[in-house]
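Observations on chain architecture
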Amino acid sequence: MSFFEWFGESFDPGPSGETQFGPRDRGRRSRADVLIRSGISLSMLGGVGYLMFQEMGIKDWTVYRNTAVGIFFYSFVAYFVHPEPDTSNMGWLGGLMDHPFRYTDDVNRFMLFLLIFLLPGRFLSESFVDLIRLIRHAGHRSPSQGS
């Protein structure tokens, strides 16, 4: 943080976003939506395995174990951490230029970067959580279906 940002922010503070923790309430998903998303997620993981085995030639199984643990922790963090930047304070010209008298635009840009970085992990984790819920409730009928 530069002196100008500290000085300017003391007179005219800008809004900054917030980060929420915990799982999101996403409502109900249709079975087709859950199966399609889970298929895409499994394909993504299979693609990582294919790239590692065929293209990179990795034969050591500890590398696969470490990669799986890393993907698990990345998805775990992405499932529970939800940054929400304030897009009205991203700098000048829609975020193309840094605002020289505000540091909160830097905070919002970092939160936007974190949001974009966590999106694939959130997609993976939420699709697997939905798939597990679908499998767990596969034999149950909802009251609206009747017999």
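Scroll up to find the structure this text is about.
Throughout what follows, the structure given in this document is the object of discussion. Residue numbering note: each chain is counted from 1, following its sequence as written. Under the rules for a predicted model, residues below a pLDDT of 70 receive no local features and side-chain atom pairs below 80 are neither given nor counted, while totals for whole chains, interfaces and linings still include all residues. Heavy atoms from the whole structure form the basis of all side-chain values; hydrogens and water molecules are not counted.

1. A short note on the packing of helix 2 (residues 31-55) against helix 4 (residues 104-136)
Put simply, helix 2 and helix 4 touch, their axes get as near as 9 Å, and they point 130 degrees apart. Overall, the two elements helix 2 and helix 4 adopt an arrangement that is oblique. Handedness of the crossing formed by helix 2 with helix 4: left-handed. Contacts between helix 2 and helix 4 pair Arg31, Val34, Leu35, Arg37, Ser38, Ile40, Ser41, Leu42, Met44 and Leu45 from the former with Phe123, Leu124, Ser127, Phe128, Asp130, Leu131 and Leu134 from the latter. Throughout this entry, Asp, Glu, Lys and Arg are counted as charged residues, while Ala, Val, Leu, Ile, Met, Phe, Trp, Tyr, Cys and Pro are counted as nonpolar. The remaining residues, Gly among them, count as polar. Partitioned by chemical class, the residues of the contact of helix 2 with helix 4 number 11 nonpolar, 3 polar and 3 charged. Lines fitted to C-alpha atoms define the axes, with helix axes restricted to the stretch in contact, and inter-axis angles between N-to-C directions lie between 0 and 180 degrees. Runs of H or I in DSSP of at least four residues are treated as helices and runs of E of at least two as strands, each being numbered from the N terminus. Note on terminology: angles under 35 degrees are roughly parallel, angles over 145 are roughly antiparallel, angles of 65 to 115 are roughly perpendicular, and the others are oblique. Should the near helix be turned counterclockwise from the far one by less than a right angle, the crossing is left-handed, whereas a clockwise turn marks it as right-handed. Here, two residues are considered to be in contact whenever any of their heavy atoms come within 4.5 Å of each other.

2. Some remarks on the side chain of His82
Position of His82 among the secondary structure elements: in strand 2 (residues 81-84). Since its relative accessible area comes to 6%, His82 is described here as buried. At 2.7 Å, the side chain of His82 and the backbone oxygen of Gly22 are in polar contact. Looking at His82, its side chain comes within polar contact range of the main-chain oxygen of Tyr79, at 3.1 Å. The contacts of His82, once residues within four sequence positions are left out, are Glu18, Thr19, Gln20, Gly22, Pro23, Arg24 and Arg122. Three exposure classes are used, based on accessible area relative to the maximum for each residue type with a 1.4 Å probe and protein chains only: buried under 20%, partly exposed in between, and exposed over 50%. Counted as a polar contact is a pair of N or O atoms within 3.5 Å, where, for protein atoms, one must be capable of donating a hydrogen and the other of accepting one, and residues adjacent in sequence contribute only when both atoms are in side chains.

3. Details of a nonpolar patch on the surface
To count toward a patch, a residue needs a relative accessible area above 30% and no salt bridge. Like charges then connect within 9 Å, nonpolar side chains (Val, Leu, Ile, Met, Phe, Trp, Tyr) within 5 Å. Every accessible area reported is derived by Shrake-Rupley at a probe size of 1.4 Å, with residue values counting cover from the shown protein chains alone. Salt bridges, as used here, are contacts in which a Lys or Arg side-chain nitrogen is within 4 Å of a carboxyl oxygen on Asp or Glu. Nonpolar side chains collect at one region of the surface, where Val69, Phe72, Phe73, Phe76 and Val77 lie side by side and expose about 480 Å² of accessible area between them. Position of Phe73 among the secondary structure elements: in helix 3 (residues 61-80).

4. Observations concerning the side chain of Ser125
Along the chain, Ser125 turns up in helix 4. Only 3.2 Å separates the side chain of Ser125 from the backbone oxygen of Arg122, close enough to count as a polar contact. Among residues more than four places away in sequence, those in contact with Ser125 are Ser75 and Tyr79.

5. Quick notes on the packing of aromatic side chains
Working definition: an aromatic ring pair is given by the centre-to-centre distance plus the angle between the planes. Any two rings among Phe, Tyr and Trp, with Trp reduced to its six-membered ring, count as a pair given centres within 6.5 Å; such a pair is stacked if its planes are under 30 degrees apart, edge-to-face if over 60, and tilted if neither. Applying the stated criterion across every chain yields a total of 8 aromatic pairs. Ring plane angle 65 degrees and centroid distance 5.5 Å describe the contact between Phe72 and Phe73, whose orientation is recorded as edge-to-face. Members of the aromatic cluster, joined through ring pairs, are Phe72, Phe73, Phe76, Tyr79 and Phe80. The criterion for a charge sitting over a ring is simple: Lys NZ or Arg CZ within 6 Å of the ring centre, and within 35 degrees of the ring normal. Between Lys59 and the ring centre of Phe53, over which it is positioned, the NZ or CZ distance is 4.0 Å.

6. Points about the environment of Asn108
Structurally, Asn108 can be placed in helix 4. Classification of Asn108 by relative accessible area gives buried; the value is 0%. Spatially, the C-alpha atom of Asn108 lies 6.2 Å from that of Gly17, the residues being 91 residues apart in sequence.

7. Re helix 3
Here the expected length of a helix is defined as 1.5 Å per residue gap, with one fewer gap than residues. Between its terminal C-alpha atoms helix 3 stretches 29 Å, which fits the 28 Å expected from 20 residues at 1.5 Å a residue. If you check which residues of helix 3 are buried, you get Tyr64, Ser75, Ala78 and Tyr79. Around the axis of helix 3, the buried residues are gathered within 95 degrees of arc, so they sit on the same side. Its buried side turned inward, helix 3 meets helix 2, strand 2 and helix 4. Directions from the helix axis toward the C-beta atoms define the arc.

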